[in-house]
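One-letter residues, chain by chain:
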Amino acid sequence: MVKIALLVPNKKMLEIASSIAEEQHICVEYMKEIQTVDAVKEVRLAIESGAHIIVARGYQTKLSILSELAKLLKKSVTDGYEGMGFQQITQ
């Protein structure tokens, strides 16, 4: 079964999303109100708790995606793809 995580910036959005998920019979395993400064940490926690799909919005999403992309690119660089220009992004 696919596990869904929902990360939102305020309590009202969390209440609305929770209500919609319940009405639509969607099981959201990990629901949390988060601060933007904690977005990357919270995405990692959601992944560690087994989330396959992460729903977030706005700047929080951008931070999380950029962090994970940088991590993937750094792995690629160490795997022998130095010539692709990723070093500048990951350093």
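Residues numbered from 1 in each chain as written. Predicted model: local features only at pLDDT ≥ 70, side-chain atom pairs only at ≥ 80, totals over all residues. Heavy atoms only, no water.

Caption draft 1: Region of interest: the nonpolar core. Listed in full, the eight residues of the largest apolar core are Ala5, Leu7, Tyr30, Ile34, Ala39, Val43, Ala46 and Ala51. Broken down by secondary-structure element, the contributors of at least two residues to this core are strand 1 (4-8) and helix 2 (39-48). In terms of residue count, helix 2 provides more of this core than any other element does, three residues in total. (Core = buried A, V, L, I, M, F, W, Y, C linked by side-chain atoms within 4.5 Å. Buried < 20%, exposed > 50% of the residue type's maximum accessible area, 1.4 Å probe, protein only. Helix = DSSP H or I, 4+ residues; strand = E, 2+ residues; numbered from the N terminus.)

Caption draft 2: Seen up close, helix 2. Among the residues of helix 2, those classed as buried are Ala39, Val40, Glu42, Val43 and Ala46. Buried positions in helix 2, seen along its axis, are confined to an arc of 165 degrees and lie on one side of it. Two residues or fewer after helix 2 comes Gly50, characterised by a positive phi angle close to 105 degrees. (Arc of directions from axis to C-beta.)

Caption draft 3: Structural context of the pairing of strand 1. Summarising burial for strand 1: four of the five residues are buried, a large majority. Sheet topology places strand 1 next to strand 2 (residues 28-33); five bridges connect them, and they run parallel. The residue bridging Leu6 from the neighbouring strand is Met31, located in strand 2. On the question of chirality, the crossover connecting strand 1 to the parallel strand 2 by way of helix 1 (residues 11-23) is right-handed. (Pairing = 2+ DSSP bridges. Right-handed = clockwise from strand over helix to strand, strands pointing away.)

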